Amino acid sequence: MPLNIPGILIPFHLLKNPRLVIPHVTVKDIRQIDFLALRNAGYKGAVFDKDNCLTIPYKDTLVPQLEDAWRECREAFGEGNVIIVSNSAGTKFDAGGIQAESVSYHLSVPVLRHGTLKPGYSCIASIRAYFSSLRVPIFDDELVVVGDRIFTDVVMASRMRSDFALSSSDAPARARIGGPLAIWTDGVWQKESMIMRWAEKRLLNVVRKWARHEETSSVGTDVFVRKLPSPEPRKTGTALTRLLDMIR
């Protein structure tokens, strides 16, 4: 993993605005996201992280358990309106864009090419340039940003917020947020950077207590979350029954 200078500088930015680390929605994985509800609320596009959000780290293929949710997401937002923004695929460290092409092929969505790692402002500018270039442009407050890292994905979404968000409790969630909806997936498909993840979670808990703020209760975003699908029940029976099932 290349050295992430924008990420390293985040603690200094948090001294000024610690609320940058607070997501609007927290889910275990994308199966809990109701993409149709997001679309009905006015969200038109989505930015996804790759590793441990959609794929196993350093793999380009979708986690099999996410196939239905990923299909629902792409159908809800439409072709070209869902992109991958990774700190590996599509960066200047991705020689020849080979990994970006592979990820795009396997996940069936574009991978953003960007020269600065998340959550850098140049990366944000690249995201805005992509969505503004679409046949029907998509604005910041019409975007959903989904990722498993607080210091990159959540902070990046927070940096894209407008200073003109509405404070009225009667205003819809989009108007009250004033920018992208930040969705944090706190589950991991494969252990990676666990010390950093632990530090991010501890910091998030401290900031939440300090701010007395819960992301799902303050702006009405709980409607975008659903329960995880129940795991398939284990097959029971005698050893002979299980052997016969295997033979069939």
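Overview of the structure.

The rules we used
Residues numbered from 1 in each chain as written. Predicted model: local features only at pLDDT ≥ 70, side-chain atom pairs only at ≥ 80, totals over all residues. Heavy atoms only, no water. Buried < 20%, exposed > 50% of the residue type's maximum accessible area, 1.4 Å probe, protein only. Helix = DSSP H or I, 4+ residues; strand = E, 2+ residues; numbered from the N terminus. Pairing = 2+ DSSP bridges. Right-handed = clockwise from strand over helix to strand, strands pointing away. Contact = heavy atoms within 4.5 Å. Axes fitted to C-alpha atoms, helices over the stretch in contact; angles between N-to-C directions. Salt bridge = Lys/Arg side-chain N within 4 Å of Asp/Glu carboxyl O.

**With respect to the pairing of strand β2 (residues 45–48)**
Residue alternation in β2 divides its side chains into two sets, Gly45 and Val47 and Ala46 and Phe48, and both sets are buried. In terms of strand pairing, β2 meets strand β4 (residues 143–147) through four bridges, oriented parallel. The residue of β4 that forms the bridge with Phe48 is Val146. Summarising the sheet, β2 and strand β3 (residues 82–84) pair through three bridges and their orientation is parallel. Residue Phe48 lies in a different strand from β3, and its bridge partner there is Ile84. On the question of chirality, the crossover connecting β2 to the parallel β3 by way of helix α4 (residues 67–77) is right-handed.

**Let's talk about the environment of Ile150**
Note on placement: Ile150 falls in helix α7 (residues 150–159). Residue class for Ile150 comes out buried when judged on its relative accessible area of 0%. C-alpha of Ile150 to C-alpha of Pro23: the two residues are 127 residues apart in sequence and 8.0 Å apart in space. Not counting the four nearest positions on each side in its chain, Ile150 is found in contact with Val21, Val155, Trp184, Glu200 and Leu204.

**Quick notes on the sheet that holds β4**
Ordered in space as β1-β5-β4-β2-β3, the five strands form an open sheet in which the pairing is parallel. Where the open sheet ends on each side, the last strands, each with one partner, are β1 (25–27) and β3. Here the strands of the sheet are splayed against their neighbours by 20° on average, with no regard to which way each runs. Sheet strands touched by helix α6 (residues 121–132): β2, β3 and β4. Its angle to β2, the strand with the most contacts, is close to 145°. With respect to the sheet, α7 is in contact with β2, β4 and β5 (181–185), its orientation differing from that of β4 by roughly 170°.

**So, the pattern of salt bridges**
Taken as a whole and assessed by the stated rule, the structure comprises twelve salt bridges. Here Asp51 makes a salt bridge to Lys50, at a shortest N to O gap of 2.5 Å. One exposure class covers both Asp51 and Lys50, and it is buried. Its salt-bridge partner being Asp148, residue Arg197 comes within 2.7 Å of it at the nearest N-O pair. Pair noted here: Arg197 is in helix α9 (residues 194–211) and Asp148 is in the loop between β4 and α7, with a separation of 49 residues, a long-range link. For Asp148, a relative accessible area of 3% corresponds to the buried category. Taken together, the shared-partner salt bridges in this structure form one network comprising Asp49, Lys118 and Asp153.

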